[in-house]
Amino acid sequence: MDLRIAAQIALCMTSWEEKNQLMNMIDMTAPIDVTRVIPCAPGIPGRPAVELVPPAQLRQRSVHTLEGRAVLIHALAHIEFNAINLALDAVWRFAGMPREFYGDWLQVAAEEALHFSLLDAHLRTLGHAYGDFNAHDSLWEMAHKTA
């Protein structure tokens, strides 16, 4: 399968475990059609169920409390999940780039997936899971505006 198509499929996945598993299965030596303009697929970006609200509606909590620390870790995990999606988006969206461009962005997506999994594991030690708290969509909104 073409690497850019595989990146778009991974981008549409809502489960981070499935997204990460597909990214780990992508054959970096697979062909890449760098000239093809790939149409946008429905479901971009795929992500777990997280209630997205405007940034001003996010409630502040003290990091001196367990819940406050969990909210902070959740916010960092949300940033990492967005980074996975943004890296995968760069792979499928931009035609005409050198092969190394696509490989580098797939590597970024894999590294961000590792960061997310570490934060998610720590969040679980605090008695919470990704999606337990609201988040905002500013990073993805900016990517969409600059598409």
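Residues numbered from 1 in each chain as written. Predicted model: local features only at pLDDT ≥ 70, side-chain atom pairs only at ≥ 80, totals over all residues. Heavy atoms only, no water.

Asker: How should the packing of helix α2 (residues 16–25) against helix α3 (residues 66–93) be read in this particular structure?
Answerer: Packed helix pairs are specified by the crossing angle of their axes together with the interaxial distance, meaning the distance between the axes. Axis separation between α2 and α3 bottoms out at 12 Å; the angle between their running directions is 40°. In this view, α2 runs oblique relative to α3, as classed from their interaxial angle. Remark: the crossing between α2 and α3 carries left-handed chirality. Of the residues in α3, those touching α2 at W16, K19 and M23 are F81, I84, N85 and L88. Broken down by class, the residue content of the contact of α2 with α3 amounts to five nonpolar, one polar and one charged. (Axes fitted to C-alpha atoms, helices over the stretch in contact; angles between N-to-C directions. Helix = DSSP H or I, 4+ residues; strand = E, 2+ residues; numbered from the N terminus. Parallel < 35°, antiparallel > 145°, perpendicular 65-115°, else oblique. Left-handed = near helix turned anticlockwise from the far one by under 90°. Contact = heavy atoms within 4.5 Å. Nonpolar A, V, L, I, M, F, W, Y, C, P; charged D, E, K, R; others polar.)

Asker: Sorry, what's going on with the packing of aromatic side chains here?
Answerer: Pairs of aromatic rings are described using the distance from one ring centre to the other and the angle between the two planes. For the structure shown, the criterion picks out six aromatic pairs. Ring geometry for F81 and F116: centres 5.3 Å apart, planes at 65°, overall edge-to-face. Taken together, the positions of F81 in helix α3 and F116 in helix α4 (residues 99–125) put the pair 35 residues apart, joining distant regions of the chain. On the accessibility criterion, F81 (1% relative accessible area) is buried. Joined through ring pairs, the aromatic side chains of W16, F81, F116 and Y130 make up one cluster. (Phe/Tyr/Trp six-rings, centres within 6.5 Å; stacked < 30°, edge-to-face > 60°. Buried < 20%, exposed > 50% of the residue type's maximum accessible area, 1.4 Å probe, protein only.)

Asker: Sorry, what's going on with the state of the cysteines here?
Answerer: Considering all chains together, one arrives at zero disulfides under this definition. C12 provides the cysteine sulfur closest to C40, a residue in no disulfide bond, and the two sulfurs are 7.6 Å apart. (Disulfide = S-S within 2.5 Å.)

Asker: Whenever I open this one, the environment of L139 confuses me. Can you help?
Answerer: Along the polypeptide, L139 turns up in helix α5 (residues 138–145). Sequence-wise, L139 and L86 are 53 residues apart; in three dimensions their C-alpha atoms are separated by 8.6 Å. If we skip the residues at most four places from it in the chain, L139 touches I79, N82 and L86.

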